[in-house]
Amino acid sequence: MSFSVFIAIILLCDFLDGKQVKYALAGIPIGLFIHTDIASSVPIILVYLSIGIYSLVYKRISPKYFFYGLSILFLSVTPHVLSEFQTNFSQFHVLLKEISNPRGSFAHSQIPK
């Protein structure tokens, strides 16, 4: 796990203590984490979004700070998406090949019988 995730967790805890601007600031380390570890970024983003949506529904955050956080997260993902467009989604194609390979990393078992 990256240091940026720990920073994001600390910022989200501060947000849950009532400091609304910390939610938007937590988008920065989460966005940086996306570039270092793609596989673990999905759960981190889901936690970030679920805390934000929960807080938005129960009026613990103003919509302004919620959308600031989403825009910061979106802006930090944009370079990765642009890179995928430029390389014709090469990383995505590698993932699809690996998933469809019966002996790949995502196979049921890699132990030969």
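Residues numbered from 1 in each chain as written. Predicted model: local features only at pLDDT ≥ 70, side-chain atom pairs only at ≥ 80, totals over all residues. Heavy atoms only, no water.

1. Description of the overall build of the chain
- Each helix and strand in the chain was counted, giving 5 helices and 0 strands.
- For the chain, the α and β elements follow one another from N to C terminus as α-α-α-α-α.
- A buried classification covers 26% of the 113 residues belonging to the chain.
- Taking contacts inside the chain between residues at least 6 apart in sequence as the whole, the part at least 24 apart equals 50%. (Helix = DSSP H or I, 4+ residues; strand = E, 2+ residues; numbered from the N terminus. Buried < 20%, exposed > 50% of the residue type's maximum accessible area, 1.4 Å probe, protein only. Contact = heavy atoms within 4.5 Å.)

2. Concerning the nonpolar core
- Judged by nonpolar contacts, the single largest core of 16 residues is most densely connected at L12, Y23, I30 and Y48.
- Listing elements by their share of this core, those giving two or more residues are α1 (3–16), α2 (21–36), α3 (38–57) and α4 (63–86).
- Here I30 is in contact with A8, I44, I45, Y48 and L73, once residues within four sequence places are set aside. (Core = buried A, V, L, I, M, F, W, Y, C linked by side-chain atoms within 4.5 Å.)

3. Quick word on the confidence of the model for the chain
- Residue-level pLDDT values for the chain average 83, and 89% of them are 70 or greater.
- For the chain, the element scoring lowest by mean pLDDT is helix α5 (residues 90–100), at 78; α1 scores highest, at 89. (pLDDT = per-residue confidence, 0-100.)

4. Remarks on the side chain of S55
- Take S55: it is sitting in helix α3.
- Contacts of S55, omitting those with residues within four sequence positions, involve F15, L16, R60 and I61.

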